[in-house]
Amino acid sequence: LFQETKLGLAREQVDRDEAEVASRQMATDNATRELQHLRTTEADAQRQLSFRIDSEEADLSQRRELSVQLTQGLEESARRYAQRQQELREKLKEREHALADLQVQSDQADRQLEQRRHEHPEEVERINARVKAAMEEAAQLQDQARGMREQLKKLQ
């Protein structure tokens, strides 16, 4: 009876041990599956992250190239602008000198005209008559030109 009890206890212990081994084996299998799933998920995430990093680096490289091109373009534009500005300043100085010369000539002509008006009133009248005649002749010529244009249009 004692041996049967011991044998029964030993069998119960074996059953418990087998159940525990089975339970641990199941837990190990579950942990292995979860680890494999985690590795797969992690590998996918790593690939996606690597792809995104490559994409961002390519984008950054393109932006740097664009920045270099824009910087060069801006430098070239600034150089052309400075050159054009210098050219325009020189042209302005030339025209200012020309204007000053013309103003001097105009002042001299005005003084001469005023002097002549005092010295030669008859000559002024003749000049005014010539100007009036020239104006009348110009008006006649314009009328003739207008008439000729109309005739030319009719002929066409």
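Refer to the structure printed above.
Counting restarts for each chain, with residues numbered from 1 along the sequence as it is written. Local features in this predicted model are restricted to residues whose pLDDT is 70 or higher, and side-chain atom pairs enter the listing and the counts only when it is 80 or higher, whereas totals over whole chains, interfaces and linings include all residues. The basis for the side-chain values is all heavy atoms of the structure; hydrogens and waters are excluded.

A word on the overall build of the protein
Put simply, the rule is: Secondary structure follows DSSP: runs of H or I at least 4 residues long count as helices, runs of E at least 2 residues long count as strands, and numbering of each begins at the N terminus. The globule rule used here is 2.2 Å times the number of residues to the 0.38 power, and the radius of gyration it is set against is calculated over C-alpha atoms. Throughout, exposure labels follow a simple rule: accessible area from a 1.4 Å probe, protein chains only, divided by the maximum for the residue type, with under 20% read as buried, over 50% as exposed, and the rest as partly exposed. Only four residue types enter the charge count, namely Lys and Arg as positive and Asp and Glu as negative; His and the chain termini do not. Where a charge sits is defined by one atom per residue type, namely NZ (Lys), CZ (Arg), CG (Asp) or CD (Glu).
Of regular secondary structure, the protein possesses two helices and zero strands. Computed over its C-alpha atoms, the radius of gyration of the protein comes to 54 Å, more than 25% above the 15 Å expected for a compact globule of 156 residues. With the principal axes as the frame, the protein shows a C-alpha extent of 170 × 50 × 20 Å. Across the 156 residues that make up the protein, the buried fraction comes to 1%. When the 27 basic and 33 acidic side-chain charges of the protein are each reduced to a single mean position, those positions are 6 Å apart.

Some details on the pattern of salt bridges
Rule in force here: Note on definitions: salt bridges are taken to be side-chain nitrogens of Lys or Arg within 4 Å of carboxyl oxygens of Asp or Glu.
The full count for this structure, using the stated rule, is seven salt bridges. Between arginine 24 and glutamate 20 there is a salt bridge, and its shortest N-O distance comes to 2.6 Å. Of this pair, arginine 24 and glutamate 20 both sit in helix H1 (residues 2-119), separated by four residues, roughly a single helical turn. Of the residues examined, glutamate 20 reaches a relative accessible area of 38% and is grouped as partly exposed. Glutamate 87 is the partner of arginine 84 in a salt bridge, and the nearest nitrogen-oxygen pair spans 3.7 Å. Residue arginine 84 and its partner glutamate 87 are located together in helix H1, separated by three residues, close to a single helical turn. According to the relative accessible area criterion, glutamate 87 is partly exposed, its value standing at 37%. What emerges from the salt-bridge pattern is a single network uniting Glu76, Arg79 and Arg80.

Concerning the environment of arginine 24
How we decide: Polar contacts, as counted here, are pairs of nitrogen or oxygen atoms within 3.5 Å of one another; within protein the pair requires one atom able to donate a hydrogen and one able to accept it, and residues that are adjacent in sequence qualify only if both atoms are side-chain atoms.
Residue classification places arginine 24 among the exposed residues on the basis of a relative accessible area of 54%. In this structure, the C-alpha to C-alpha distance between arginine 24 and lysine 154, residues 130 residues apart in sequence, is 116 Å. A distance of 2.6 Å separates polar atoms of two side chains, one belonging to arginine 24 and the other to glutamate 20.

Things to note about a nonpolar patch on the surface
Under the convention used in this document: Patch definition: residues above 30% relative accessible area lacking any salt bridge, with like charges linked at up to 9 Å and the nonpolar side chains Val, Leu, Ile, Met, Phe, Trp and Tyr linked at up to 5 Å. What sets the accessible areas is the Shrake-Rupley method with a 1.4 Å probe; for residues, cover comes only from the shown protein chains.
Together, Ile127, Val131 and Met135 make up an exposed nonpolar region whose accessible area comes to about 280 Å². Inspection of the secondary structure assignment puts methionine 135 in helix H2 (residues 121-155).

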